[in-house]
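Structural overview for review
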Amino acid sequence: MVGKGILRGLTTTARHLLETYLDDVKKIPSRYAYDRHFIKQPLEEKGIFTIQYPEERRVLPERFRYVPMLLYDADTGEDRCTACGICAKVCPTQCIWIVREEDKTGKPLPRSQEFYIDISICMGCGFCAEFCPFDSIKMNHDYEIAVYNRYPDLVLSKDDLVVPTTYYAQLYPEAWAAEERAREEERKRKAAREKALAAKRAAKAKAAAKKKDEQKDAGK
Ligand code: SF4
Ligand code: SF4
């Protein structure tokens with residue numbers, strides 16, 4: 001039938017319009033009484049309503065990613081990054097530069113002296129975070145990074161990039177919980193390995209002592 005598609009399209013548009021109003025009315029007063037800086041609209045909601053940015057902002061889903069950030073351990077203050085350079089190698093836009101720290105003799109140390117990311121060409125792919133073997137680089141949720149000058153303002157240094165692990169835990173509660181579980185498992189495995197090794201060493205020492213005693217007795 002001629003115009004069937006148009007009719008279907010118009011029906012869908014009308015349904016969305018209706019759902020938007022119904023949803024909006026259903027959420028009164030909670031939607032409007034809510035802290036206007038953190039307006040919530042769960043993804044499963046059908047209605048769509050305008051957010052008055054920048055006065056209002058949506059709460060971002062955990063999987064949201066923007067530009068990278070570097071983590072340091074909130075308990076020890078130690079950087080997680082070992083300057084291995086994997087993130088720089090896998091970065092498709094080649095926007096990461098790392099200078100590894102060296103000791104007085106020129107021996108490389110497992111930490112970075114300088115770490116830069118040119119976020120004007122970072123495409124937010126998250127490869128760096130995906131491939132980092134030390135869970136050191138993660139994707140930040142902060143999207144308000146507009147500046148007047150591209151250079152040098154969009155070339156972020158280590159000082160601009162570092163954040164504590166507590167900040168990461170707050171942005172990524174599920175991922176953080178999963179990583180904590182994995183770390184706990186690893187701690188348990190390590191403790192079991194060390195215990196088994198200690199038992200093996202003790203048994204070896206006991207056997208050696210016994211052999212020594214036997215040799216001593218045989219020599220009498
Ligand atoms: S952020 Fe991760 S992958 Fe990049 S240099 Fe540091 S430890 Fe290596
Ligand atoms: S998010 Fe992608 S483009 Fe940006 S620094 Fe990481 S790997 Fe490079």
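Residues numbered from 1 in each chain as written. Chains lettered and ligands numbered in written order. Predicted model: local features only at pLDDT ≥ 70, side-chain atom pairs only at ≥ 80, totals over all residues. Heavy atoms only, no water.

1. Remarks on the pattern of salt bridges
Condition: What makes a salt bridge here is a side-chain nitrogen of Lys or Arg within 4 Å of a carboxyl oxygen of Asp or Glu, nothing more. Helix and strand assignments come from DSSP, with helices taken as H or I runs of at least 4 residues and strands as E runs of at least 2, each series counted from the N terminus. Residue exposure (1.4 Å probe, protein chains only): buried if accessible area is under 20% of the type maximum, exposed if over 50%, otherwise partly exposed.
Counted under the stated rule, the structure contains 9 salt bridges. Here Arg15 makes a salt bridge to Glu19, at a shortest N to O gap of 3.7 Å. Linking Arg15 with Glu19, this pair stays in helix 1 (residues 4–26), spanning 4 residues, or about one helical turn. For Arg15, a relative accessible area of 44% gives the class partly exposed. Glu186 is the salt-bridge partner of Arg193, the closest N and O atoms lying 3.5 Å from each other. Taken together, the shared-partner salt bridges in this structure form one network comprising Asp135, Lys138 and Glu179.

2. Describing the sheet that holds strand 5 (residues 155–156)
For clarity, the threshold we go by: The pairing criterion for strands is at least two bridges between them, as found by DSSP.
On the basis of which strands lie adjacent, the open sheet formed by 3 strands has the order 2-3-5 and antiparallel pairing. Each end of this open sheet is capped by a strand with a single partner; those strands are strand 2 (96–102) and strand 5.

3. As for the site of ligand 2
To be explicit about the condition: What makes a residue near a molecule or strand is one non-hydrogen atom of that residue sitting within 4 Å of it. Each residue is assigned to one class: nonpolar for Ala, Val, Leu, Ile, Met, Phe, Trp, Tyr, Cys and Pro, charged for Asp, Glu, Lys and Arg, and polar for all the others, Gly among them.
The immediate surroundings of ligand 2 are formed by 14 residues, with Cys91, Cys122, Cys125, Gly126 and Cys128 found nearest. Here the residues of the shell around ligand 2 sort into 11 nonpolar, 3 polar and no charged.

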